[in-house]
Amino acid sequence: MSENHSEITLDLSGLLCPLPVLKARKRLDAMDSGAILKVIATDPMSAIDMPHFCNEQGHTLLEQAKDGGALIFRIRRK
């Protein structure tokens, strides 16, 4: 990839549905198009909610991974 966007990390550990998606949406709205947001969440529902949110809003879910009890999402803003 030749794009040169910095990645911003948003730690939403401990927050329950729907807060991880709502806070991710608010942060993405303040970012430039093409910027990447790394979201860390511990709510198991985020595994369903975050991909659905990205699909509905037109953002690109670059990665979804699990690290211990944390779910990691890398999202490129539309």
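> Looking at this structure, how should I read the overall build of the protein?
Secondary structure assignment for the protein yields two helices and four strands. For the protein, the N- to C-terminal ordering of α and β elements is β-α-β-α-β-β. In summary, the protein has a C-alpha radius of gyration of 12 Å against a globular reference of 12 Å for 78 residues, a match within 12%. C-alpha extents for the protein along the principal axes are approximately 35 × 25 × 20 Å. Expressed as a percentage of its 78 residues, the buried residues of the protein come to 36%.

> Whenever I open this one, the packing of helix H1 (residues 19-29) against helix H2 (residues 46-57) confuses me. Can you help?
When two helices pack together, their arrangement is given by the angle between the helix axes and the distance between those axes. Interaxial distance between H1 and H2 falls to 10 Å at its minimum, and their mutual angle equals 35°. Handedness of the H1/H2 crossing: right-handed. Residue-level inspection shows Pro20, Val21, Ala24, Arg25 and Leu28 of H1 in contact with H2, the latter providing Ser46, Asp49, Met50, Phe53 and Gln57. Partitioned by chemical class, the residues of the contact of H1 with H2 number six nonpolar, two polar and two charged.

> Help me understand the pairing of strand S4 (residues 70-76), please; the structure alone is not making it clear to me.
Note on strand geometry: in a regular strand, side chains alternate between the two faces of the sheet. With six of its seven residues buried, S4 lies for the most part within the structure. Here six bridges tie strand S2 (residues 36-41) to S4, and the two strands are oriented antiparallel to one another. What sits directly across from Ala41, in S4, is Leu71. As paired elements, strand S3 (residues 60-67) and S4 share seven bridges and run antiparallel to each other.

> How should the sheet that holds S2 be read in this particular structure?
By definition, the strands of a sheet pair up through backbone hydrogen bonds, in either a parallel or an antiparallel sense. A sheet is described by the order of its strands in space; here four strands give the open sequence S1-S2-S4-S3, paired in mixed fashion. The open sheet terminates on both sides in strands that have one partner only, identified here as strand S1 (7-12) and S3. Each adjacent strand pair in this sheet contributes to an overall mean axis angle of 15°, direction not counted. Against the sheet, H1 engages S1, S2 and S4, with an angle of about 155° to S1.

> Before we go on, may I ask you to explain the pattern of salt bridges in this structure?
Applying the stated criterion to the full structure yields two salt bridges. Close ionic contact of Arg74 with Glu7 constitutes a salt bridge, the shortest N to O distance being 2.6 Å. Separated by 67 residues along the polypeptide, Arg74 in strand S4 and Glu7 in strand S1 bring together distant segments of the chain. You can call Glu7 partly exposed: its relative accessible area is 37%. Ionic pairing is found between Arg74 and Glu63, a salt bridge with its closest N-O pair at 3.9 Å. With Arg74 in strand S4 and Glu63 in strand S3, this pair connects stretches of sequence that are eleven residues apart. You can call Arg74 partly exposed: its relative accessible area is 23%. Using a relative accessible area of 34% as the deciding quantity, one classes Glu63 as partly exposed. Residues participating in the shared-partner salt-bridge network are Glu7, Glu63 and Arg74.

Criteria and thresholds
- Residues numbered from 1 in each chain as written.
- Predicted model: local features only at pLDDT ≥ 70, side-chain atom pairs only at ≥ 80, totals over all residues.
- Heavy atoms only, no water.
- Helix = DSSP H or I, 4+ residues; strand = E, 2+ residues; numbered from the N terminus.
- Rg over C-alpha atoms; globule rule 2.2 N^0.38 Å.
- Buried < 20%, exposed > 50% of the residue type's maximum accessible area, 1.4 Å probe, protein only.
- Axes fitted to C-alpha atoms, helices over the stretch in contact; angles between N-to-C directions.
- Left-handed = near helix turned anticlockwise from the far one by under 90°.
- Contact = heavy atoms within 4.5 Å.
- Nonpolar A, V, L, I, M, F, W, Y, C, P; charged D, E, K, R; others polar.
- Pairing = 2+ DSSP bridges.
- Salt bridge = Lys/Arg side-chain N within 4 Å of Asp/Glu carboxyl O.

Geometric descriptors of this kind do not, in isolation, establish any biological role.
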